[in-house]
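Given next are the chains, with one letter for each unit.
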Amino acid sequence: MSYKTILWNSLMMIFKHLLGPKRAMTPPDSPKSLVQHMPHMAREPFPAEYTQEKLDEILDYLRRVGSSGKRVEALEKRLDEVSVELREVRKLLSELVSRSADVRVLRR
């Protein structure tokens, strides 16, 4: 760096400090409260009345929709039907393959 650059930068820093605003003083810390709050780890708790009403609504909905046991039984029944149909398709395919092999043997 040349002496002109150093001189220029020094002069600008002097003007900046002399003409610029003074630094604001850091405000003091806020006073500590005497009552210590629990740390926020989750949501704030609901009022008991509201919580009970909400739980009743959820339970009523679950009762109206029906038990999941019936759904599981219906799904198991449909799964059994599908597995029977797959066995039939597999059997038909194996018969088709064996007949096509017989036809090829006869043509030769």
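Now for a look at the structure at hand. (Residues numbered from 1 in each chain as written. Predicted model: local features only at pLDDT ≥ 70, side-chain atom pairs only at ≥ 80, totals over all residues. Heavy atoms only, no water.)

1. Side note on the overall build of the protein
Along its length, the protein carries 3 helices and 0 strands. Along the protein, helices (α) and strands (β) appear in the sequence α-α-α when read from the amino end. The buried share among the 108 residues of the protein stands at 0%. For the protein, the exposed surface amounts to about 11,900 Å²; the carbon and sulfur share of it is 62%. (Helix = DSSP H or I, 4+ residues; strand = E, 2+ residues; numbered from the N terminus. Buried < 20%, exposed > 50% of the residue type's maximum accessible area, 1.4 Å probe, protein only. Areas by Shrake-Rupley, 256 points an atom, 1.4 Å probe, with all protein chains shown as cover.)

2. As for the pattern of salt bridges
Once the charged atoms of two side chains with opposite charge are near each other, the side chains can pair. What the rule picks out here adds up to 1 salt bridge. For Lys 54, the salt bridge identified is with Glu 57, shortest N-O distance 3.9 Å. Within this pair, Lys 54 and its partner Glu 57 are both found in helix H2 (residues 48-65), separated by 3 residues, close to a single helical turn. We classify Lys 54 as partly exposed; its relative accessible area is 38%. (Salt bridge = Lys/Arg side-chain N within 4 Å of Asp/Glu carboxyl O.)

3. Digging into a negative patch on the surface
Taken together, the side chains of Glu 73, Glu 76, Asp 80, Glu 81, Glu 85 and Glu 88 define an acidic patch exposed on the protein surface. Of the residues examined, Glu 76 reaches a relative accessible area of 46% and is grouped as partly exposed. (Patch = residues over 30% accessible without salt bridge, like charges linked within 9 Å, V, L, I, M, F, W, Y side chains within 5 Å. Lys, Arg positive; Asp, Glu negative; His and termini not counted. Charge placed at Lys NZ, Arg CZ, Asp CG, Glu CD.)

4. What about a nonpolar patch on the surface?
A cluster of nonpolar side chains, Trp 8, Leu 11, Met 12, Ile 14, Phe 15, Leu 18 and Leu 19, forms an exposed patch at the surface whose accessible area comes to about 750 Å². One can find Phe 15 in helix H1 (residues 3-19).

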